[in-house]
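Given next are the chains, with one letter for each unit.
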Amino acid sequence: MKRLAPLTILFFALFLAVESYENDDFYPNERDALLQLRDGVKSSVLDLHSHWTGPPCYNNQSKWAGISCFDGHVNELVLEGIQLTGSLPSTFLEHITYLTKISFRNNLLYGPVPNLTGLIYLEFVFLSDNRFSGSIPFGYIELKKLTDLELQGNDLEGSIPPFDQQTLIAFNVSSNKLEGPIPETPVLKRFSKSCFGNNANLCGEVLGIPCSIAPASPPKAPSEKKRNGLKVWSIALIAAVAAVLVLLSIMFILFCYFRRSKRKETQEEDKQGSISIENVKKRSYWSESTEDPEKALDLIFFEKDMSVFDMDDLLRASAEVLGKGKLSTTYKAILESGSVVAVKRLKEMNSLSKKEFIQQMQLLGKLRHENLVEMMSFYYSKEEKLIVYEYVPQGDLFELLHENRGIGRQPLNWKARISIIKDVAKGLNFLHQCLPSHKVPHGNIRSKNVLIHQDPQNKNYHSKLTDYGFFPLLPTKESSRKLAVGKSPEFCQGKKLTRKADIYCFGILLLEVITGKVPGELFSPENGVTSYVDDDLSEWVRTVVNNDWSTDILDMEILAQKEGYDEMLKLTELALQCTDEVPEKRPKMSEVLRRIEEIEVEQNNLVTDVEVVSVS
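The shown structure was predicted, so the numbers you read here are calculated from the model rather than taken from an experiment. (Residues numbered from 1 in each chain as written. Predicted model: local features only at pLDDT ≥ 70, side-chain atom pairs only at ≥ 80, totals over all residues. Heavy atoms only, no water.)

### Focus: the overall build of the protein
From N to C terminus, the protein includes 18 helices and 23 strands. Counting only residues that meet the buried cut, the protein has 45% of its 616 residues in that class. Within the protein, counting contacts between residues at least 6 apart in sequence, those at least 24 apart form 56% of the total. Of the roughly 32,000 Å² of accessible surface on the protein, 55% is carried by carbon and sulfur atoms. (Helix = DSSP H or I, 4+ residues; strand = E, 2+ residues; numbered from the N terminus. Buried < 20%, exposed > 50% of the residue type's maximum accessible area, 1.4 Å probe, protein only. Contact = heavy atoms within 4.5 Å. Areas by Shrake-Rupley, 256 points an atom, 1.4 Å probe, with all protein chains shown as cover.)

Listed below in structure tokens is the structure:
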């Protein structure tokens, strides 16, 4: 019995430790709410029961698929395109009060849309392309920070609530069963016809469909005494006045209709809720306030021969959302001249003075390199800051690596990958040389910020870096956390950042290209064991390489290219050096570029030798 005592104590200590872990490291109400969702829906693609275990947030990270955390709380819930079926629990979101984004796009969910009452931080609501029914909750108009609402492609009925949040810049309720007049609020008036289309019983000015005037109540029959006293000329006069009033009403409706039609843009806007920049002009965010002491500017171009359009041209352009990041939203803008540009609308920089912003923009605008997306111009006002870039039409590296995997996909071969990586290294090395005053010259190296162009003749890929140079413009550490350098060891340890933080992010990008895995996401190896790729992807790669399973790290799409194994592993070794925990042990960017170019030469020589042998 005495021997059992230490075991009992150990068991009790473990119990207390587990209790402490369960109670201190996450918020139980948030976990319980998510478990309601887990138990209420099913997916043939992702087994939530096996993936949603333990605390949803730990050290501000989450290993729950589709969950993101901030300050210990769940702040994003994103489960898109995984064939979720079932009905969402009616009140499961009430206790996840710090949500900023919720997305169930492209699933098979039915029943009423979720109640979002009380979610005061919510900015993005994506519920499109499901089977939701019922009405749009009136409480959605109380979401003061709502930026983007997508409800298209459902079976929603009833009327549209009078949305009038000045924050709302993207809105789509098309392809439902909504009815009645579209509320004529200033916010809803700025959205295009396509945002309301395919609702048979909707009417309103934006659709060009006049709403029918309710018939007047029939007059009560006059008493016999009054009828006898009514003169014939009086009856004729009343009838004439009534006819004139009806005629004037019809003429007024037609006048409003044709006047509105004449002002409409002739170009059809994007079906999925693309917005017109001209419409956004009506918001205070896009227009200069007369009370603003820092007077707004027109577009400022970095080169005089570029100034072939002005702010008015930009405001008249049709636009669609290309992407939404944590620091900006990017639009594709088609000018009336036919030219296409990319417009980045910056967030979290409104505390900057005009002088700070203009100085930084003029510094970045002078940079010209074949592997940098070119800045063309910028716009400043106290409440609005825009940057106009050249438009790169063929997507980004993230899409090229990860989207549409499976049957019919064209694999990204090893030669293309190393060519893209070399382009990124050249662009980053240029920034490190030309921005000596910047502690972190890029600051946001990730696959979504590597834009891709493919030569139509030789099919070679050419890549360009975007989102560079914003680190000095961010006002707080919390803002900086949203950049890629926010994942570097030195940032997490509260140390000062240097350009070696860029090297770390580049190393993670290298590993993403080599492994084909998204940092921070789950994956299933071929042996069937489910594992985690931590946010530090390099830790997993180190473990595998140290156990002599080197080829296990390679993306399945390049695994068959056996003649390139040595070069792949050399690049892996370089990536692990770039992601060393100690910044001083990471190589300089010029050294990184030199080694990549050497590896590419070895790869090309190997391919040439193989071709010669094949011919022989």
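### Concerning the environment of Tyr 504
By the secondary structure assignment, Tyr 504 is in helix H14 (residues 500-515). For Tyr 504, a relative accessible area of 3% corresponds to the buried category. The spacing of Tyr 504 and Glu 581 is 77 residues in sequence and 8.8 Å in space, taken between C-alpha atoms.

### Notes on the sheet that holds strand E19 (residues 385-390)
If you walk across this open sheet you meet the 6 strands as E14-E18-E19-E17-E16-E15, and the pairing is antiparallel. Where the open sheet ends on each side, the last strands, each with one partner, are strand E14 (300-301) and strand E15 (318-324). Sheet topology places strand E16 (residues 328-334) next to strand E17 (residues 340-346); 7 bridges connect them, and they run antiparallel. Bridge pairing in E17 links Ser 328 to Leu 346. Of the strands in this sheet, E17, strand E18 (375-380) and E19 are in contact with helix H9 (residues 354-365), which crosses E18 at around 175°. (Pairing = 2+ DSSP bridges. Axes fitted to C-alpha atoms, helices over the stretch in contact; angles between N-to-C directions.)

### Thoughts on the sheet that holds strand E10 (residues 155-158)
Ordered by their spatial adjacency, 7 strands build an open sheet running E1-E4-E6-E8-E10-E12-E13, and the pairing between neighbours is mixed. Two strands in the sheet have a free side with no partner beyond their single neighbour: strand E1 (41-43) and strand E13 (201-203). Shown here is a sheet whose adjacent strand axes are inclined to one another by a mean of 20°, direction ignored. Across 3 bridges, the pairing between strand E12 (residues 177-181) and E13 is parallel. Residue pairing for E13: Gly 180 is matched across the bridge by Leu 202. Running over the sheet, helix H2 (residues 28-40) touches E1 and strand E4 (84-87) and is turned about 60° from E1.

### Brief notes about the pattern of salt bridges
One pass over the structure, following the stated rule, counts 19 salt bridges. Across the pair Lys 344 and Asp 467 runs a salt bridge, and its minimum N-O distance is 2.9 Å. Of the two residues, Lys 344 is situated in strand E17 and Asp 467 in the loop between strand E21 (461-465) and helix H12 (477-480); the sequence distance between them amounts to 123 residues. What makes Lys 344 buried here is its relative accessible area of 5%. Close ionic contact of Lys 464 with Glu 390 constitutes a salt bridge, the shortest N to O distance being 2.9 Å. Of the two residues, Lys 464 is situated in strand E21 and Glu 390 in strand E19; the sequence distance between them amounts to 74 residues. The structure contains a network of salt bridges with shared partners spanning Glu 80, Arg 105 and Glu 150. (Salt bridge = Lys/Arg side-chain N within 4 Å of Asp/Glu carboxyl O.)

### Details of the state of the cysteines
A full pass over the atoms with the stated rule returns 2 disulfides. Covalently, Cys 57 is tied to Cys 69 through a disulfide, its sulfur atoms 1.9 Å apart. Disulfide Cys 57-Cys 69: torsion about the S-S bond near -85°, hence left-handed. A residue pair is termed long-range when its members are at least 10 positions apart, and Cys 57 in the loop between helix H3 (48-51) and strand E2 (67-70) and Cys 69 in strand E2 qualify at 12 residues. Across this residue pair, the class does not change: Cys 57 and Cys 69 are buried. Across a sulfur-sulfur distance of 2.0 Å, Cys 203 and Cys 211 are joined as a disulfide pair. Disulfide Cys 203-Cys 211: torsion about the S-S bond near 105°, hence right-handed. With relative accessibility at 11%, the residue Cys 203 sits in the buried group. Numbered by position along the chain, the disulfide-linked cysteines of the protein connect as 1-2, 3-4. (Disulfide = S-S within 2.5 Å.)

### Quick word on the environment of Leu 554
Take Leu 554: it is sitting in the loop between helix H15 (537-546) and helix H16 (556-559). Sequence spacing of Leu 554 and Glu 512 is 42 residues, and the spatial spacing of their C-alpha atoms is 9.8 Å. Those residues in contact with Leu 554 that lie beyond four places of it in its chain are Ile 514, Thr 515, Leu 559, Tyr 565 and Met 568.

### Brief notes about helix H11 (residues 414-434)
Helical periodicity: at 3.6 residues per turn, an α-helix aligns residues three or four positions apart in one direction. End to end, H11 covers 30 Å across 21 residues, agreeing with the expected 30 Å (1.5 Å per residue, within 8%). The N-capping residue of H11, defined by a side-chain oxygen 3.3 Å from the backbone nitrogen of Lys 415, is Asn 413. (Expected span 1.5 Å × (residues − 1). Polar contact = N/O pair within 3.5 Å; in protein donor to acceptor, adjacent residues only side chain to side chain.)

### Quick word on the packing of H11 against H14
Put simply, H11 and H14 touch, their axes get as near as 11 Å, and they point 175° apart. By the angle class used here, H11 and H14 are roughly antiparallel. When H11 is examined against H14, the residues Arg 417, Ile 421, Val 424, Ala 425, Leu 428 and His 432 are found in contact with a partner set consisting of Asp 502, Ile 503, Phe 506, Leu 509, Leu 510 and Val 513. Of the residues belonging to the contact of H11 with H14, the class tally is 9 nonpolar, 1 polar and 2 charged. (Parallel < 35°, antiparallel > 145°, perpendicular 65-115°, else oblique. Nonpolar A, V, L, I, M, F, W, Y, C, P; charged D, E, K, R; others polar.)

### A short note on the confidence of the model for the protein
With 77% of its residues at a pLDDT of 70 or more, the protein has an overall mean of 78. Taken element by element, the predicted model of the protein shows its lowest mean pLDDT in helix H1 (residues 4-24) (37) and its highest in H14 (94). This stretch, residues 522-534, has a pLDDT under 50; its non-local contacts, to residues over four places away or in other chains, come to 26 contacts. Per-residue pLDDT stays below 50 along residues 610-616; that stretch engages in 0 contacts with residues further than four places along the chain or on separate chains. (pLDDT = per-residue confidence, 0-100.)

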